There are 2 protein chains.
Amino acid sequence: MSNLLENFKPGPLDIYRKNASFDWKKLKVFLETEDIIKYQTEGYEVLRNHPDFSEGNSSSKSLDDQRRIAFKQCMAQKSMDIFSINYQIMDLKRTTAATRILFSSNAGATIKFTVGDTLFKSSVMNMGTARHQKYIDDVDEGKIFGAYCLTEIGHGSNARGMRTTATYDKQKKKFVLHSPDFEAAKCWAGGLGQTAMFATVYAQLVIEGEKYGLHAFVVPLRNPNTLLPYPGVIVGDMGEKLGLNGIDNGFVQFNHYEIPRENLLNKVADVTEDGRFLQFNHYEIPRENLLNKVADVTEDGRYVSPIKDPNKRHGAALGSLSAGRVNIACICETLGVKALTIAVRYAAVRRQFGPDGRGEVPILEYQSHQLRLIPYLAAAYVLRNFNTWFSEVFHQFTIETLTGNARPDAPEMGIEIHGVSSASKPMAGWLMKEAIQESREACAGHGYLKAAGLGDIRNEHDANLTYEGENHVLIQQTSNWLLKMWPAVLQRKPISSPLKSIDFLSNGLEILEKSRFSAKSVEEVIRLDSVIKTYQWVICHLLRATHNKVESQIKSGKDAFTAKSDSQVYYAKSLAIAFVQHFMLQRMIATISESTDASLTNVLTKLCSLFGLWAIEKYHLATLYQGGFATGPTAPTLIQDSILRLCAELKNDAVSLVDVIAVPDFLLNSVLGASDGMVYKRLQDSMLQNQYCINRPPWWRDIVKTTLQNKL
Amino acid sequence: MSNLLENFKPGPLDIYRKNASFDWKKLKVFLETEDIIKYQTEGYEVLRNHPDFSEGNSSSKSLDDQRRIAFKQCMAQKSMDIFSINYQIMDLKRTTAATRILFSSNAGATIKFTVGDTLFKSSVMNMGTARHQKYIDDVDEGKIFGAYCLTEIGHGSNARGMRTTATYDKQKKKFVLHSPDFEAAKCWAGGLGQTAMFATVYAQLVIEGEKYGLHAFVVPLRNPNTLLPYPGVIVGDMGEKLGLNGIDNGFVQFNHYEIPRENLLNKVADVTEDGRFLQFNHYEIPRENLLNKVADVTEDGRYVSPIKDPNKRHGAALGSLSAGRVNIACICETLGVKALTIAVRYAAVRRQFGPDGRGEVPILEYQSHQLRLIPYLAAAYVLRNFNTWFSEVFHQFTIETLTGNARPDAPEMGIEIHGVSSASKPMAGWLMKEAIQESREACAGHGYLKAAGLGDIRNEHDANLTYEGENHVLIQQTSNWLLKMWPAVLQRKPISSPLKSIDFLSNGLEILEKSRFSAKSVEEVIRLDSVIKTYQWVICHLLRATHNKVESQIKSGKDAFTAKSDSQVYYAKSLAIAFVQHFMLQRMIATISESTDASLTNVLTKLCSLFGLWAIEKYHLATLYQGGFATGPTAPTLIQDSILRLCAELKNDAVSLVDVIAVPDFLLNSVLGASDGMVYKRLQDSMLQNQYCINRPPWWRDIVKTTLQNKL
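Position labels on residues start from 1 in each chain and follow its written sequence. Chain A is the first chain written and ligand 1 is the first ligand written, with later ones labelled in order. Only residues with pLDDT of at least 70 get local features here, since the model is predicted, and only at 80 or more are side-chain atom pairs given and counted; chain-wide, interface and lining totals rely on the full set of residues. As a rule here, side-chain values come from all non-hydrogen atoms in the structure, and water together with hydrogens is ignored.

## Let's talk about the sheet that holds strand 8 (residues 249-254) of chain A
Residue and element names in this part refer to chain A.
Step number 1: An order of 4-8-7 is seen for the three strands of this open sheet, with the pairing classed as antiparallel. Whereas interior strands pair on both sides, the edge strands pair on one side only; in this sheet they are strand 4 (186-190) and strand 7 (233-237). Between one strand and the next, the sheet's axes are offset by a mean angle of 25°, whatever the strand orientation.
Step number 2: Two strands form a pair only when DSSP identifies at least two bridges running between them. Numbering of helices and strands runs from the N terminus; a helix is a DSSP stretch of H or I covering at least four residues, while a strand is a stretch of E covering at least two. Summarising the sheet, strand 7 and strand 8 pair through five bridges and their orientation is antiparallel. When the bridges of strand 8 are listed, Ile234 appears paired with Gln253. Whenever a helix is involved, its axis is fitted only over the stretch in contact; in every case the axis is a line through C-alpha atoms, and angles between N-to-C directions fall within 0 to 180 degrees.

## Thoughts on the packing of aromatic side chains
By convention here, two paired aromatic rings are described through the distance between centres and the angle between planes.
Step number 1: Side-chain rings of Phe, Tyr and Trp, where Trp is taken by its six-membered ring, are said to pair if the distance between their centres is within 6.5 Å; with planes under 30 degrees apart they count as stacked, over 60 as edge-to-face, and otherwise as tilted. Here the structure, examined in full by the defined rule, presents 47 aromatic pairs over all chains.
Step number 2: With a centroid separation of 4.9 Å and 75° between ring planes, the pair formed by Tyr376 of chain B and Trp614 of chain B is classed as edge-to-face. A residue pair is termed long-range when its members are at least 10 positions apart, and Tyr376 of chain B in helix 11 (residues 367-402) and Trp614 of chain B in helix 23 (residues 598-626) qualify at 238 residues.
Step number 3: Connected via pairs of aromatic rings, a cluster forms that spans Phe386, Trp389, Phe390, Trp481, Phe579 and Phe583 of chain A.
Step number 4: Working rule: Lys NZ or Arg CZ, within 6 Å of ring centre, within 35 degrees of ring normal, means a charge sits over the ring. The cationic tip of Arg696 of chain A hangs over the ring face of Trp700 of chain A; the distance from NZ or CZ to the ring centre is 3.9 Å.
Step number 5: When the ring centre of Trp389 of chain B is taken as reference, the NZ or CZ atom of Arg587 of chain B above it lies at 4.0 Å.

## Describing the packing of helix 10 (residues 323-349) of chain A against helix 14 (residues 454-462) of chain A
All names here are of chain A.
Step number 1: Between helix 10 and helix 14, the shortest axis-to-axis distance is 10 Å and the interhelical angle comes to 160°. Considered as vectors, helix 10 and helix 14 are oriented roughly antiparallel to each other. Here the hand of the crossing between helix 10 and helix 14 comes out left-handed. Contacts from Cys332, Leu335, Lys338, Ala339 and Ile342 of helix 10 reach helix 14 at Leu454, Ile457, Glu460 and His461.
Step number 2: Polarity classes work like this: nonpolar for Ala, Val, Leu, Ile, Met, Phe, Trp, Tyr, Cys and Pro, charged for Asp, Glu, Lys and Arg, and polar for all others, with Gly in that last group. By residue class, the composition of the contact of helix 10 with helix 14 is six nonpolar, one polar and two charged. Roughly parallel means an angle under 35 degrees; roughly antiparallel, over 145; roughly perpendicular, 65 to 115; everything else is oblique. We call a crossing left-handed when the near helix sits turned anticlockwise from the far one by less than a right angle, and right-handed when that turn is clockwise. The contact definition used throughout considers only heavy atoms, calling two residues in contact when any of these lie within 4.5 Å.

## Brief notes about the side chain of Gln536 of chain A
All names here are of chain A.
Step number 1: Structurally, the position occupied by Gln536 is in helix 19 (residues 528-555).
Step number 2: Identification of polar contacts relies on pairs of N or O atoms within 3.5 Å, with a donor-acceptor requirement for protein atoms, meaning one able to donate a hydrogen and the other able to accept it, and with residues adjacent in sequence counted only if both atoms are side-chain atoms. Among the polar contacts made by the side chain of Gln536, one reaches the side chain of His582 at a distance of 3.1 Å.
Step number 3: Residue contacts for Gln536: discarding those within four places in its chain leaves Phe504, Ile511 and His582.

## Some thoughts on the pattern of salt bridges
Two side chains carrying opposite charge are able to pair once their charged atoms lie near each other.
All names here are of chain A.
Step number 1: Salt bridges are defined by distance alone: a side-chain nitrogen of Lys or Arg within 4 Å of a carboxyl oxygen of Asp or Glu. Taken as a whole, this structure holds 84 salt bridges over all chains when the rule is applied.
Step number 2: In this structure, Asp659 engages Arg17 in a salt bridge whose closest nitrogen and oxygen atoms are separated by 2.7 Å. Placement of Asp659 in helix 24 (residues 654-661) and of Arg17 in helix 1 (residues 14-19) is noted, with a sequence separation of 642 residues between them. Each of the two residues, Asp659 as well as Arg17, counts as buried.
Step number 3: A salt bridge links Glu392 to Lys93; its shortest N-O distance comes to 3.3 Å. Of this pair, Glu392 sits in helix 11 (residues 367-402) while Lys93 sits in helix 6 (residues 93-105), and the two are 299 residues apart along the sequence.
Step number 4: The buried label goes to any residue with under 20% of its type's maximum accessible area, the exposed label to any with over 50%, and the partly exposed label to all in between, with areas taken from a 1.4 Å probe on protein chains only. For Lys93, a relative accessible area of 23% corresponds to the partly exposed category.
Step number 5: A single salt-bridge network, built from bridges that share partners, covers Lys28, Glu32, Arg100, Glu333 and Arg384.

## Description of a nonpolar patch on the surface
Step number 1: Surface patches are drawn from residues lacking salt bridges whose relative accessible area is over 30%; two like charges belong together within 9 Å, two nonpolar side chains (Val, Leu, Ile, Met, Phe, Trp, Tyr) within 5 Å. Note on areas: Shrake-Rupley with a 1.4 Å probe; residue coverage comes only from the protein chains shown. Taken together, the side chains of Ile234 of chain A together with Leu688 and Ile694 of chain B define a hydrophobic patch exposed on the protein surface, amounting to about 260 Å² of accessible area.
Step number 2: Within the secondary structure, Leu688 of chain B sits in helix 27 (residues 679-689).

## What to know about the interface of chain B and chain A
Step number 1: Listed per partner, the contact involves 125 residues of chain B and 125 residues of chain A.
Step number 2: Taken together, chain B and chain A are joined by eight salt bridges.
Step number 3: Between Glu441 of chain A and Lys433 of chain B there is a salt bridge, with the nearest N and O atoms lying 2.7 Å from each other.
Step number 4: Inspection of the chain B/chain A interface yields 54 residue pairs in polar contact (both at pLDDT 80 or more).
Step number 5: Broken down by class, the residue content of the side of chain B that touches chain A amounts to 54 nonpolar, 41 polar and 30 charged.

## Some thoughts on the relation of the copies chain B and chain A
Step number 1: Superposition of chain B onto chain A requires a rotation of 180° combined with a translation of 0.0 Å along the rotation axis, giving an RMSD of 0.1 Å. Considering both components of the superposition, the chain copies are consistent with a two-fold axis.
Step number 2: The share of interface residues of chain B whose copies in chain A are also at the interface is 100%, consistent with both copies meeting through the same surface. Superposing copies: least-squares fit, C-alpha atoms only, residues required to have pLDDT of at least 70 in both.

## Focus: the UniProt feature "active site" (unreviewed entry) in chain A
Residues and elements named next belong to chain A.
Step number 1: UniProt positions are given in the numbering used here, feature names are shortened, and annotations may be inferred rather than shown by experiment. What UniProt calls "active site" (unreviewed entry) maps, in this numbering, to Glu468.
Step number 2: Looking at where Glu468 falls in the secondary structure, it is placed in the loop between helix 14 and helix 15 (471-483).
Step number 3: When sequence neighbours within four positions are dropped, the list of residues in contact with Glu468 reads Gly324, Arg325, Ile328, Lys425 and Leu474.

## Things to note about the environment of Leu683 of chain B
Step number 1: Within the secondary structure layout, Leu683 of chain B lies in helix 27.
Step number 2: Looking at Leu683 of chain B, the relative accessible area reads 0%, which means it is buried.
Step number 3: Setting aside residues no more than four positions away along its own chain, Leu683 of chain B makes contact with Ile153 and Phe182 of chain A together with His446, Leu449, Val671 and Leu672 of chain B.

Next comes the structure, spelled out in structure tokens:
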């Protein structure tokens, strides 16, 4: 094991490192496996040694420079075998390992690669047939870049409201793409701004004046040799964003733009030459079409899926929609961990105030500082453990489905993955947003320096809250799914799901009737079974309360849409939040149960308990009283005292906990957070090296002239 | 009145504007007065017509361009009479009006002016004597720029820990300034990076090896004709920050740098030529020294203050320390209001989803969207009302004190202003931070565009959380002050303060004994007296609980420092938060009581109640149960139902409420938030106008070459 991981350089962080209750290397191996640590080390070295990564990721550069660098890094990523899908598939834990490495580097470049290459390709692969094979080959061979165009200027979350049309022209045997106005322009597509030559474009299909709903087309946009757009295509860059400026998000407006009939991605629906519309419902890719082979449409225009049960096909399709969300939860964690690494290490080095005569103490010693950082560190651990597991499960599921080896319960699993990922992505986004902001503030003045790195982390993370489903809209998918369980709960039917996220609902009524807050001491409150018991009651209560709220609104005359919409705050949203927090805790407990080292079990248990109690205090305290789980004054105080105690107990472990999950210094790229703790040395170097440091500004005479004028 | 304010252009916001329950112009006149509206209009015109403001404030520009523009705007501000202190003093409501205008424009330029001009000057004025008059004159005449150097690289909040020394050299009759290492370098001083020729520098005074504590000196740094630093001075720029990049924050390290003895700002302490230290304790500026005249030290080195009572001098001094904090609370509000203006107007225009057959509805119609924005709009109103009042009170107090007309209760008032501002600045910072972030997210994808303006607002606001006292450290001043009241509460002594923020504590024991949550309906909960009753109980309970917590920790053997430090979370911090929220509500109620128009009373009452209930739900619900104010399950539900109802009722007023407090479009500078609601038109214009839009990047051949290479 000593060969696997290098020791950190001695320095001011040693005080805490020596006082940790566990061996950080053992914990890392336990959580990540030796294989993954080797993979990480190799991945880090590949990036560290690549010339196109030496320019780093600095948003101080001009927009154009950021774009140019991201393009080069995107091409470099494409060339790196270690990050290829084939390499990741060999051990599915590598999926999260690769995401963590690449998104710690230059998130903009990584998204450029993921969208322009992977997402375009997989959209063609999933929706197209053999006639679209060439696009996949061309991307694979690096001949073209693609983009994925769904969102319109006027419509994001509401895909059905899209207004771009694709009208079939029977004479020309072509589709005519048209955007009625700028609101109907496609937008936000990554790579579309400057790079994409083709795009998958969703448009409302129209044949002979009749509408057939949203369908996808492969659309040539720019001449691959000149990068100039084709006539009828107005394609451009959306301009600067708050972050992720390496990626060129673009818009495209179509002006009666004609594309061949064959460009319809026709796996589930096709239009015959003479303008007949053929629909094949949902699909599943057969075994022989794995990876870059896609299904064909038979000559008579029919498609027969090997999976007969439409329900099963629907579940599988739903599951595959989750790819983006599963990945984003991991991106959130990656950025949150970067911020926490910086803030915790800086808090261990920075000394300020202290009891009389005993010198200044590190700010990590202060209760209020512990409470700002350590619960988020616990959240990051719970989230990270969840992401590693969930990504593995998800990719396994996808591979089985794509290879025709779908497990018997694939439909239920697809639905469950959809339900879980629709809450885990928002939860990850919200938790890490707060972790990043709290880290920024906890680093006080120096945290406001660009060289600290926290601003870029915040700006990059921000997009996670919006893309692939705005969080507040997305999380309704989870509560809608959970609400469907209520009748079964009421009838005391056994409930079980492939990932076991809802199995406890089988005892829902019993939980509601009998479970109560009964702890009399901090020791009892801290126990994981007590945390889980509380969560299960909260979920059952919110499920019932949300169901009743919706019902009562319908009875009072509201339509179903409004009744549901008016039951979000304090009800449906809280339900989905509690559900996913509980599931993440459940997964953490499963991991802890595999530990055979008491010191590791001990620290992981504390993290798990802290996250659970802190989240109960923050999100669900009112619920405990509303549903009668808690009565009397003691519950909040016991919970708060438990949180304070756990933070105090974890304080000496915080630096080592960060060491386990931190990326190497060259990726962290922060003057405050480096692993040697040499904060002040690095601050000095960083300031003295910046070009503005001691040179007068080029326009210094303006300053002097102004003052001279006033002197005369 | 119709001459005072122009109507908004017709557009998509009309639907809401027509449905508002009140006349926005009447509300604006009621809250701001006709005089202030005229002042605002004049101020806006001055900025709009000034050529140096036409370049706007875009962080897309290079750091150097941002600096150059801010310098020009800073000089322009200096030349604008309307924003001068003399002009503001004529009507003290202008202090907040001017802050709101200038910080809506270019915050970096405004800070550059405030720090390089006002802060440097007032530090000399407050701590110097007649021999320093020339510095004030030189600044006034635009001959020099100054800076204010307190913070060191290694020490921020803990001023006593500063390590720069000023050692008196009796032979040379000079002070030798020295920074032992880079940690002792002064830093973060605005204008120090590139512009300042002089600075007020705090250093540990040393005479003959003996230490005399922190004292301030005027220190020449750069040759005013060449801007080159003097030998012995290493002065430089700290580099790029997360925001506010117009202002050049700098650092300075001294290498045995000699300055004349006379440069000690010697109002409260002096060093004689032969190295004797003379101390005069705290001070108050006598009438004849108002503005640019400062007190002298008599020939025999003695200083006799006209205010004999040292307690009174201390109170006055404390009060004047609050200037920065009072102003920052208003900056926070200004930036928060900008963000909310954008998010509310966009939410009223953007349509998404809807009940079947009834078209899409504006997202402002959704409960969950209302809950994201309207409580923060209520918070902004309560905060704005408080800031206007508090700034007027504070400046009146300062003028009275400086002119020797201090009111009899000036010491108590100085202490109260300190206690209030130490919590109102953090509260304003935290509330508006969340308002800005929620606005960013509520604008979803397009909110991530730089042209939406929300990124710059967030990055500029961020510094408010840290400077002039890191929020978590600063707010302890408030709880420390409140805790001193507990013995009087226990003895049922009458408690009263000049601003009446703590008068209700006179009934503290009675409140604790008798006050309980007794409301049975939403109507009862919503009443302002019920909100106030709840808050007063919360404060009394937290005062007692925090006192007991500190005492019990001391009894258990902790020293006073640790006992206090370990009583922050859930106790002292919550106490200070509840206190300042209650005081802000109290001030809002005072304003409402002056309204004679039922429609204005009605909407302001709803805003006040919503802010109070929402803050109780968010911050204090656990406390209600812990102290037995609430028992049983109904309190949280009634409070939550009240919040939902108030948000729903205020939904149609939201756009008009924003119209009352919004800055003109040229200052708002957002494609999503303009007052005409033409969101999509502006999005289109903004995208098509950006230079990257439809042009290929200069390096387009790299993209094509890469793909061509792969084609061969």
